[in-house]
Amino acid sequence: MAQPRSNAFNNIIAQFDEPWKRYAAFAVIVALLLIAPISLGPYATVILTNALLYVVLALGLNVVVGYAGLLDLGYAAFFAVGAYTVGILTHTFGLDFWLTLPFAVGAAMIAGVIIGTPTLRLRSDYLAIVTLGFGEIVRFSARNMEITGGASGISGIQQPWLFGWHINTPFEFYYVFVVLAIIAVIVSVRLQHSRLGRAWLYVRHDEDAAEAMGIDTVRVKLAAYVIGAIFGSISGAFFAVNLGAISPESFSFQQSVLILMAVILGGMGKIPGVILGAFIVVLAPELLRDLGEYRLLLFAVGLLLIMLFRPSGIWPVRGK
Amino acid sequence: MKLTTLLATTAIAMALAGPAYAEMKIGILAPTTGSEATYGQDMANAVNLAISEINAAGGVLGEQLSSVIGDDGCDPQQAVNAASKLASSDVVGVVGGYCSGATVPTLKIFGDASIPFVITGANSTKLIPANPGNAFMINSTGNDQVAKAIEYFNSVGAKSLAIVNQGDAYSQDLADLTKKDWEAAGNTVLAFEVANKGEQDYSAIVTAIRSANPDAVFWTAYYADGGLLIRQLRQAGYQGTIAVGDGSNSPELFSIAGSAAEGVIGFSNPIAEFLPGAKDFIADYTAANGSPPGPYAPLAYDGMHLLATAIEAAGSTDPAAINAALMDADYPGIAGQITFTPENTLARSNFVVLKGNGGKWGLAQ
Amino acid sequence: MTIGVRWGNLCMSVFDIFLQQLVNGLVLGSFYALVALGYTMIYGVVKLLNFAHGDVYMVGGFVGFLVLSVVAPMVGPGWTGVAVSMVVAMIAVGCLGVVIQRVAYQPMLNAPRLSILITALAVSLVLQNGVLTLTHGQYQPMGADLGFGGVNLGLLFISYNQMILVGTAAALMIALELFVSRTQYGRAMRAISIDKDMCRLMGINVTAVIAVTFFIGSALAAAAGTMAGAYYGSVWYFMGFLIGIKAFTAAVIGGIGSIPGAMLGGLILGLLESFGTQIPGIGSEWKDVFSFAVLILVLVLKPTGLLGKSEQERM
């Protein structure tokens, strides 16, 4: 067992256990994020924007996997729903981006219910495969239908205007994603400490006992899917206008796995860990570019090692 | 301690900011990893060969060229990252682009950064409307390929067709275009199938084709799965013509399909060994890389030379000037004359018809 | 899509197509069944859906390719060579299965369900990406030359390869059935799937039986992988993904934990897929969606499958 390594990590992590220290660290990180584009240049800005996108996605999946304990292997489906809703409504129907957001959220809620309902009585193994199946169904549908642009997807998506400000440079999108990420963090924290968050905890630990306690497990689980879906969908919406073009390849199983890796590598259920995981997942390929094809293998091995030696991820969940 | 760190950081930053000596950087966008890596590597090699020739002749505008590779892995997301990296690397122009689906989102990035982009491989018609004006396609587009294919099918008296694609941007586009034009000419499409990537068993498609028994089957996707389909078609006893598009023009098709690939027709951009003016190129490429050039090497080579010529003609590295020079280009490439239509596509069709013969491609008569 | 077309003066009637798709379905189903058996057996003894099983199939294909490239110069690239490759692959990958169980799953026996599942996913990714790195993501032609001969029954064409394939798969499945019903290990496997702790108390070497189960399950998948490589023509690092899910679907249709169920499920799924694309409106582009939809429907409507036990335990 890799004991020395875990002890070192434990020591660093233990420094941040008091709330004021965590807020301070958070503030420092936000400040760094705010000045990053200016000091690091356009390429770094694009990469960091990507990292922030994954922060939101990972926090969303964290609600489903980390809080509610539902192993969703098809999370990219929600990402796709948001992206394609925005893509279709703005490109084909000419709606203004901000008007399409409620539709994206609505579509996400519907998707969350559709995907969540069949899994309600299933055990985690089956749940995982069913969600995987749904993820693939969404991807194939996007590829096969004309309204989603077929395999070529939708291109030429217009960038949004906000009170006369045209958001269309990487620089500007970066700050939009910073705001999104901050909102995502705040919402995640509130959820964790809410009654719903506690209900998820009970359901995750022992569903039958939770039922006996009077928790409506059906509603609680569906709530997890729906909220996770909304996170994913909003990410997808902004992803679509940022990139200007979307295609089915971005919503594959590999994408779902990547988001899941972000959640786990950092630590399920623990928000700072999930954020760290998202950065690892996005930055590592760029920093390790020379390693080319070894990247994915390294991630996979890393994931395996973490599962074997630190089942709660790099950042441990206090008081499981 | 702090001062040393500051100095060290500044030094590193300055070093990373680029050399101060006269050097022009060219970006190469190609899938050097992933399933199309052989094509991508091939393209990169060809561009570098062109660069070494240009440098030996004195460079461009007096400066030596160097290349920066952006690996798009044939994936749109990765392509965007690669393109951003190139865009912020102070490149004067970009040469490359193989997978159409991955190339489309990069157009905006190069457009916003005003970087001239010579596209040497990707040729889906979806690139045309997405082009902000600074991209130039030197591989004949899907429209030309369809015209060539229909011309060939007519020449062998085919009246019915089965079209199989793989559900990706390039092959689906080609399949749709073929269907449209074929039916518009009064012929029939008896089967329009999609082979999902990752499936090895095409028996359902093969049975559908065999039962419909069209005069010809047209596979519009890439060689790896094309080889499997050809094998299974022949194993099942289909005896009509089998034709493949330019995504399957790799010699690897024959190792996968085996003897089933005898007589298979391929529509392709010119492969080096069939180009009259490419003898020196083949020799130089083989000497530099230890193996002969692949199907997309001549175009990548031409693309680099074209860009260099345009920069010389523009007299500066100003993007607008280079753009204008490219639009007026009339360059004799080894793959054929390069001039552009108002839509920045190649003004003539460079497609030829190949035929599988003895385990490799030969020119069909 | 017309169904009666002139070929000379003959017509391929609906019946011919039906028979042809039946043959297709049998061949496809044989692969699914072989892989599904591994899923079902492993689930029976450790109550875990081995995510990495599809990738074990893929590794089997690659090992088969490697062995074939070594033996082909000696015995030729035909069925003899493939048979030798298959046997070697079965043994090698069977051992790999045992190693995976010891290294990855054994330590996690008392960990939360979620952790075990993610570990299985991690193993799958390691196998996949390992092979990806080694092969640079390229398709690897198998190098087998099995010929195109076959039997013509009217317009129905059954190739010799198809017959050998289905025959081999059937032989393997019969061998498995005999093993499970006649030997001590087989009885122990069935006992463990009913009540593991009781078996331990009764002195059964549970660890050894689990190892044997993983060995056999992985060996069967490897056999399927090698045959698939030889029959279809190439092996690829990602080929385990889709078949993993399809085989799982097959196991579920037949009833997870039931060995005859896995075989039946494999056949049914193979036939469903072959005929499914004939349904108007469902073209080949929806083929996989069709399979996933079947999976979801079965899990929602009859989670215990056709031959599975109706357990009170939550599925």
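What counts, and at which threshold
- Residues numbered from 1 in each chain as written.
- Chains lettered and ligands numbered in written order.
- Predicted model: local features only at pLDDT ≥ 70, side-chain atom pairs only at ≥ 80, totals over all residues.
- Heavy atoms only, no water.
- Helix = DSSP H or I, 4+ residues; strand = E, 2+ residues; numbered from the N terminus.
- Rg over C-alpha atoms; globule rule 2.2 N^0.38 Å.
- Buried < 20%, exposed > 50% of the residue type's maximum accessible area, 1.4 Å probe, protein only.
- Contact = heavy atoms within 4.5 Å.
- Areas by Shrake-Rupley, 256 points an atom, 1.4 Å probe, with all protein chains shown as cover.
- Phe/Tyr/Trp six-rings, centres within 6.5 Å; stacked < 30°, edge-to-face > 60°.
- Lys NZ or Arg CZ within 6 Å of the ring centre and 35° of its normal.
- Pairing = 2+ DSSP bridges.
- Axes fitted to C-alpha atoms, helices over the stretch in contact; angles between N-to-C directions.
- Right-handed = clockwise from strand over helix to strand, strands pointing away.
- Disulfide = S-S within 2.5 Å.
- 1 Å grid on protein atoms, 1.4 Å probe; cavity = no way out; pocket = protein on both sides within 12 Å on 5 of 7 lines; lining within 4 Å.
- Points joined across faces, edges and corners; volume = space filled by probe spheres on them.
- Nonpolar A, V, L, I, M, F, W, Y, C, P; charged D, E, K, R; others polar.
- Polar contact = N/O pair within 3.5 Å; in protein donor to acceptor, adjacent residues only side chain to side chain.
- Core = buried A, V, L, I, M, F, W, Y, C linked by side-chain atoms within 4.5 Å.
- pLDDT = per-residue confidence, 0-100.
- Buried area = accessible area lost by both parts, 1.4 Å probe.
- Salt bridge = Lys/Arg side-chain N within 4 Å of Asp/Glu carboxyl O.

This paragraph deals with the overall build of chain B. If you tally the helices and strands in chain B, you get 13 helices and 14 strands. The C-alpha atoms of chain B give 22 Å as radius of gyration, which agrees with the globular expectation for 365 residues (21 Å, within 12%). For the C-alpha atoms alone, the extent of chain B along its principal axes is close to 80 × 45 × 40 Å. Across the 365 residues that make up chain B, the buried fraction comes to 64%. Within chain B, residue pairs in contact and separated by at least 24 positions form 69% of the contacts whose partners lie at least 6 positions apart. In the structure as shown, chain B presents an accessible area of about 12,300 Å², 56% of it carried by carbon and sulfur atoms.

Let us now look at the packing of aromatic side chains. The relative placement of two aromatic rings is captured by the distance of their centres and the angle of their planes. Applying the stated rule across the entire model yields 43 aromatic pairs over all chains. Note on Y98 of chain B and Y296 of chain B: the rings are 5.1 Å apart at their centroids and 70° apart in plane angle, and the pair reads as edge-to-face. Of this pair, Y98 of chain B sits in the loop between β3 (91-96) and α4 (100-112) while Y296 of chain B is found in the loop between α11 (279-289) and α12 (297-314), placing the two residues 198 residues apart along the sequence. Overall, the relative accessible area of 5% leaves Y98 of chain B in the buried class. Overall, the relative accessible area of 2% leaves Y296 of chain B in the buried class. Ring centres of F15 of chain C and F18 of chain C lie 6.4 Å apart, and the angle between their planes is 15°; this geometry places the pair in the stacked category. On the criterion of helical spacing, the pair formed by F15 of chain C and F18 of chain C is a turn pair, its members being three residues apart in helix α1 (residues 14-46). Feature note: the residues F253 of chain A together with Y139, W236, Y237, F238 and F241 of chain C constitute an aromatic cluster, connected by ring pairs. The aromatic ring of F140 of chain A is capped on one face by R139 of chain A, whose charged end is 4.7 Å from the ring centroid. Above the face of the W236 of chain C ring, K197 of chain B is positioned so that its terminal group lies 5.1 Å from the ring centre.

The next point concerns the sheet that holds strand β6 (residues 160-165) of chain B. Residue and element names in this part refer to chain B. Within the open sheet, the seven strands sit side by side as β7-β6-β8-β9-β10-β13-β14. Their pairing is mixed. At either end of the open sheet lies a strand with only one pairing partner, and these are β7 (188-194) and β14 (360-363). Direction aside, the axes of adjacent strands within the sheet are offset by 25° on average. In terms of strand pairing, strand β8 (residues 216-219) meets strand β9 (residues 241-244) through four bridges, oriented parallel. Looking across to β9, one finds that F218 is bridged to A243. Seen against the sheet, helix α7 (residues 169-184) touches β6, β7 and β8 and runs at an angle of roughly 165° to β6. Running over the sheet, helix α8 (residues 203-212) touches β6, β7 and β8 and is turned about 175° from β7.

What follows deals with the pairing of strand β1 (residues 23-30) of chain B. Residue and element names in this part refer to chain B. Taken across its eight residues, β1 has six buried, putting it largely inside the fold. Where β1 and strand β2 (residues 64-71) come together, eight bridges link them in parallel fashion. From the neighbouring strand, I28 faces β2, where its bridge partner is I69. A crossover connection joins β1 to the parallel β2 through helix α2 (residues 37-56); in handedness this β-α-β unit is right-handed. Relative to β3, β1 runs parallel, the two sharing five bridges. Directly across from I28, in β3, lies its bridge partner V95.

For the rest of this paragraph, the subject is the state of the cysteines. A covalent bond between the sulfur atoms of two cysteines is what we call a disulfide. Residue and element names in this part refer to chain B. According to the stated counting rule, one finds one disulfide over all chains in the structure shown. One disulfide in the model links C74 with C99; its S-S distance is 1.9 Å. Here the S-S torsion is close to -105°, and the disulfide linking C74 with C99 is therefore left-handed. Taken together, the residues C74 in the loop between β2 and α3 (76-87) and C99 in the loop between β3 and α4 connect sequence positions 25 residues apart. Accessibility expressed as a relative area gives 2% for C99, which makes it buried.

All names here are of chain B. One non-glycine residue, S114, adopts positive backbone phi at about 55°. Locating S114 in the fold gives a position in the loop between α4 and β4 (117-119). For S114, a relative accessible area of 38% corresponds to the partly exposed category. Positive phi values are uncommon outside glycine, yet N344 reaches one of about 65°.

Moving on: the sheet that holds β2 of chain B. All names here are of chain B. With parallel pairing, the five strands of this open sheet are ordered in space as β2-β1-β3-β4-β5. The open sheet terminates on both sides in strands that have one partner only, identified here as β2 and β5 (135-137). Neighbour to neighbour, the strand axes of the sheet diverge by 20° on average, direction disregarded. The pairing of β4 with β5 spans three bridges and is classified as parallel. Note that in β5 the partner of I119 across the bridge is M137.

Enumeration over the complete set of coordinates arrives at ten cavities of 30 Å³ or more. Approximately 200 Å³ is the volume found for the second largest cavity. Of all the secondary structure elements, the ones that give two or more residues to the lining of the second largest cavity are α8 and α9 (223-235) of chain B together with α1, β5 (156-159) and α8 (206-232) of chain C. Among the elements that make up the lining of the second largest cavity, the one with the highest residue count is α8 of chain B (four residues). Here the lining of the second largest cavity is composed, by residue class, of six nonpolar, eight polar and two charged.

Residues and elements named next belong to chain B. The handedness of the β8 to β9 crossover, carried by α9, is right-handed. With two bridges joining them, β9 and strand β10 (residues 265-268) adopt parallel strand pairing. Counterpart to V244 in the pairing with β10 is G266. For the crossover that starts at β9, traverses helix α10 (residues 252-257) and ends in the parallel β10, the hand is right-handed.

Our next topic: the side chain of S66 of chain B. Residues and elements named next belong to chain B. Counting through the fold element by element, S66 comes out in strand β2. Engagement of the side chain of S66 in a polar contact is seen with the side chain of E23, the distance being 3.2 Å. Apart from residues no more than four positions distant in its own chain, S66 is found in contact with E23, M24, K25, I26 and I51.

The next thing to look at is the nonpolar core. Counting 340 residues, the largest nonpolar core has W200 of chain A, F153, F281 and M304 of chain B together with F31 of chain C as the members making the most contacts within it. Beyond its immediate sequence surroundings of up to four residues, F153 of chain B is in contact with A158, L161, W182, A216, F218, A243 and F267 of chain B.

Let us now look at the confidence of the model for chain A. Residue and element names in this part refer to chain A. Confidence along chain A averages 85 in pLDDT terms, with 90% of residues attaining 70 or more. Within chain A, the lowest mean pLDDT, 52, falls on helix α1 (residues 3-14), and the highest, 95, falls on helix α4 (residues 76-92). Note on residues 1-6: pLDDT is under 50 here. Beyond four places in sequence and across chains, it has four contacts. Contacts of residues 314-320 to residues separated by more than four positions or lying in other chains number 27 contacts, the stretch itself having pLDDT below 50.

What follows deals with the interface of chain C and chain B. Between chain C and chain B, the residue contacts involve 40 residues of the former and 36 residues of the latter. Of the roughly 3,400 Å² buried between chain C and chain B on both sides combined, carbon and sulfur atoms contribute 51%. Applying the counting criterion to the chain C and chain B interface returns two salt bridges. The closest approach of N and O atoms between K246 of chain C and E199 of chain B, which form a salt bridge, is 3.1 Å. There are twelve residue pairs in polar contact (both at pLDDT 80 or more) connecting chain C and chain B. Taken together, the elements giving at least two residues each to the side of chain C that touches chain B come down to β1 (6-7), α1, β5, α8, β6 (234-235), α9 (239-254) and α11 (287-301) of chain C. Among the elements that line the side of chain C that touches chain B, the one with the most residues is α1 of chain C, at five residues. Across the side of chain C that touches chain B, the residue classes break down as 22 nonpolar, 13 polar and five charged.

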